[in-house]
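Now for the letters of each chain:
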Number of protein chains: 2
Amino acid sequence: MSILCVGSVALDSVETPFAKADRVVGGSAVYFSAAATLFTPVQVVGVVGEDYPLEQLEFLRTRGADLSGIEQRSGESFFWAGRYHFDLNTRDTLETKLGVFADFEPKIPDAFRGARYVFLGNIDPALQHDVLDQVESPEVVACDTMNYWIDSSRAALLDLLGRVRVLIVNDEEVRQLAGEANLLKAARWVQKKGPEIVVVKKGEHGAILFADDWLFFVPGFPLEEVFDPTGAGDSFAGGFVGYLASVGSMEPGDLRRAMVYGSVMGSYAVERFSVDRLIDLPFGDIEVRMAQFRDITAFETHVGAGRNV
Amino acid sequence: MSILCVGSVALDSVETPFAKADRVVGGSAVYFSAAATLFTPVQVVGVVGEDYPLEQLEFLRTRGADLSGIEQRSGESFFWAGRYHFDLNTRDTLETKLGVFADFEPKIPDAFRGARYVFLGNIDPALQHDVLDQVESPEVVACDTMNYWIDSSRAALLDLLGRVRVLIVNDEEVRQLAGEANLLKAARWVQKKGPEIVVVKKGEHGAILFADDWLFFVPGFPLEEVFDPTGAGDSFAGGFVGYLASVGSMEPGDLRRAMVYGSVMGSYAVERFSVDRLIDLPFGDIEVRMAQFRDITAFETHVGAGRNV
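Note that this is a predicted model, so its numbers are computed, not measured.

A. Region of the structure containing the sheet that holds strand β8 (residues 117-120) of chain B. Residues and elements named next belong to chain B. Strand order in the open sheet formed by nine strands is β5-β4-β1-β8-β9-β10-β11-β12-β13, with mixed pairing between adjacent strands. Each having just a single partner strand, β5 (65-72) and β13 (215-218) make up the two edges of the open sheet. Averaged over all pairs of adjacent strands, the angle between their axes in this sheet comes to 15 degrees, without regard to strand direction. Note: strand β11 (residues 197-201) against strand β12 (residues 207-210), four bridges, orientation antiparallel.

B. Structural detail: the pattern of salt bridges. Residue and element names in this part refer to chain B. A complete count under the given rule lists 30 salt bridges over all chains for this structure. Across the pair Arg 163 and Asp 133 runs a salt bridge whose closest N-O atoms are separated by 2.8 Å. With Arg 163 in the loop between α5 (154-161) and β10 (166-170) and Asp 133 in helix α3 (residues 125-133), the pair connects residues that are 30 residues apart, well separated along the chain. Note on Arg 163: relative accessible area 34%, which makes it partly exposed. Judged by relative accessible area, Asp 133 falls into the exposed class, the value being 52%. A salt bridge links Arg 165 to Glu 196; the nearest nitrogen and oxygen atoms lie 2.7 Å apart.

C. Summary view of the sheet that holds strand β2 (residues 10-15) of chain A. All names here are of chain A. Strand order across the open sheet formed by four strands is β3-β2-β6-β7, with mixed pairing between neighbours. The sheet is open, and its two edges are formed by β3 (20-26) and β7 (91-97), each paired on a single side. With direction set aside, neighbouring strand axes in the sheet form an average angle of 20 degrees. Inspection of the sheet shows β2 paired to strand β6 (residues 78-84) by six bridges, in the parallel sense. For Ser 13, the partnering residue across the bridge sits in β6 and is Ala 81.

D. Representation of the interface of chain B and chain A. At the interface, 51 residues of chain B touch 50 residues of chain A. At the boundary of chain B with chain A, the tally comes to six salt bridges. Of the charged contacts, one joins B:Arg175 and A:Glu204 as a salt bridge, the two residues approaching to 3.6 Å between their closest N and O atoms. Counting across the interface, chain B meets chain A through 18 residue pairs in polar contact (both at pLDDT 80 or more). Only α7 (183-192), β13, α8 (232-247), α9 (252-269) and α11 (283-297) of chain B provide two or more residues apiece to the side of chain B that touches chain A. In terms of residue count, the dominant contributor to the side of chain B that touches chain A is α11(B) (eight residues).

E. Highlighting the packing of α3(B) against α5(B). Residue and element names in this part refer to chain B. For the pair α3 and α5, the least separation of the axes is 8 Å and the interaxial angle reads 35 degrees. Classified by chirality, the crossing of α5 by α3 is left-handed. Taken together, the residues of α5 that come into contact with α3 (itself represented by Pro 125, Gln 128, His 129 and Leu 132) are Ala 156, Leu 157, Asp 159 and Leu 160. Its residues placed into classes, the contact of α3 with α5 shows five nonpolar, two polar and one charged.

F. Spatial organisation of the nonpolar core. Within the largest apolar cluster, 222 residues are counted, with the highest numbers of intra-cluster contacts made by A:Leu4, A:Leu209, A:Phe240, B:Leu4, B:Leu209 and B:Phe240. What B:Phe240 contacts, discounting residues up to four positions off in sequence, is B:Val166, B:Ile168, B:Val199, B:Leu209, B:Leu255, B:Ala258, B:Met259 and B:Gly262.

G. Up close: the relation of the copies chain B and chain A. By a simple turn and slide, chain B fits onto chain A: the slide is 0.0 Å along the axis, the RMSD is 0.0 Å, and the turn is 180 degrees. Accordingly, the operation relating the two chain copies is best matched by a two-fold axis. The overlap is high: 98% of the interface residues of chain B also sit at the interface in chain A, so the same surface is used on both sides.

Rules used throughout
- Residues numbered from 1 in each chain as written.
- Chains lettered and ligands numbered in written order.
- Predicted model: local features only at pLDDT ≥ 70, side-chain atom pairs only at ≥ 80, totals over all residues.
- Heavy atoms only, no water.
- Pairing = 2+ DSSP bridges.
- Helix = DSSP H or I, 4+ residues; strand = E, 2+ residues; numbered from the N terminus.
- Axes fitted to C-alpha atoms, helices over the stretch in contact; angles between N-to-C directions.
- Salt bridge = Lys/Arg side-chain N within 4 Å of Asp/Glu carboxyl O.
- Buried < 20%, exposed > 50% of the residue type's maximum accessible area, 1.4 Å probe, protein only.
- Contact = heavy atoms within 4.5 Å.
- Polar contact = N/O pair within 3.5 Å; in protein donor to acceptor, adjacent residues only side chain to side chain.
- Left-handed = near helix turned anticlockwise from the far one by under 90°.
- Nonpolar A, V, L, I, M, F, W, Y, C, P; charged D, E, K, R; others polar.
- Core = buried A, V, L, I, M, F, W, Y, C linked by side-chain atoms within 4.5 Å.
- Least-squares fit on C-alpha atoms with pLDDT ≥ 70 in both.

Below, the structure is given as structure tokens:
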């Protein structure tokens, strides 16, 4: 099944301790789609300015993305500039210019309104509501958010959770949202507000999926070289939701595989600037890393070990 | 096979956001043995003062520990007092009194000198060398250390690595030791100094084992209530080395299981103050949690997923 994805379509300038990229394509909708289109078609809704190099998103179209929901308006595209610290785990935002994104009002094209799978990237919860109001009968709504909205739009966000089946956030965000330091309790708190599935991303430490009465843990893939962490979370979401939509299932076995595909996509995304690593990524490479994930986590229990003292 | 364990035998006063414990038994040798004796006999070497409630270590003896290497001297026992912050991930040391531990010179009883498995708890690397000098032909030496020794006794520590088969440290320590932020590179650096196995503990984020050309990841067990994190690392080491000694093997499958047993023991240790949770822990509970670890990490790969674009 295809996925309707609404989020930012941005230009990023990124500095790492090793290199620098200037005004490269990014944003939650772009990273999400770059990962998800490896699994299933994606319908993208967003807004860009006149300065946006739309031709650089052509690779998405060639693998099944419908970009007709990306509106181009007069003005500048959403721009973010940031600098990563030496360990790549923390970063400073150097500049944010909302540009045409400041007045973004998602208009879902008629052809997209029947979407069964919806991914709401990190935008104003009021706009996330607007999107859902325009979709006829979504089956699986997955949603991201950030500390800024948790602070400033808490009521709208809590209300949104009642319309969402999968919340995908990072560990700090879920703790802030629930007002609870313990991740397990924080996830349970969120589940009471609506989402049956809570996925908590922990950066290099991996991610945890909390379902009703079970949970699943996937590590971060141990890489010798993390080149640029930008977009890892949205690429994770793209692999996760992309796989689920491709199989059209929310069964436990599929949710588990989806977590690993998410971590695979996040791990590839950080190997280059922008979506560069995902553009020509053969599906075989995804399967190779999937097998590596299995290799670094699998063990056989050995009944009868230890001493029965 | 039994394990020779040399480390601190201490009294701890611990404050958490929830409760307080005063002068309870602790120290690396105590936590290690409390976990390891669930798998195999342990020979303990350490020093305590006149004030030490040795009767509280009787439970170790009943499950096969030989405590004849614990010397009782006139003076006070090693004492540590600490307070954990709200999230339990960070703590302040309120007081450290070395007492008789300041002059600790490990004397390995004749009966222990044939030990094949040796665990060197976090003590002065010079003393760790002394221990190894007194052991005839150890097959597996596992060793812990800390930032203090990495700073102050670097030469002795690097020299020690050449005599060690398994280094068990936390993520900050291995980064500091190798002068390298990337964990994978840091572990490879350590391996060049001697240890074929590097185990990196990451607290609630789990632990990674680095072998020659493979690695293995175990998550931290997601607990609703972490009561007192003190001793989690040494309990992990006790489960890890304890299991390996019990099977007398360093085969990959055993190393993987050892990692999970380590994480199981660490997860139980933090459920109560001191070693309280480990005293009467039935082995059946260990197997139950082992199965839970399998449940939260296992997935089936699904060849043929995705789109071959």
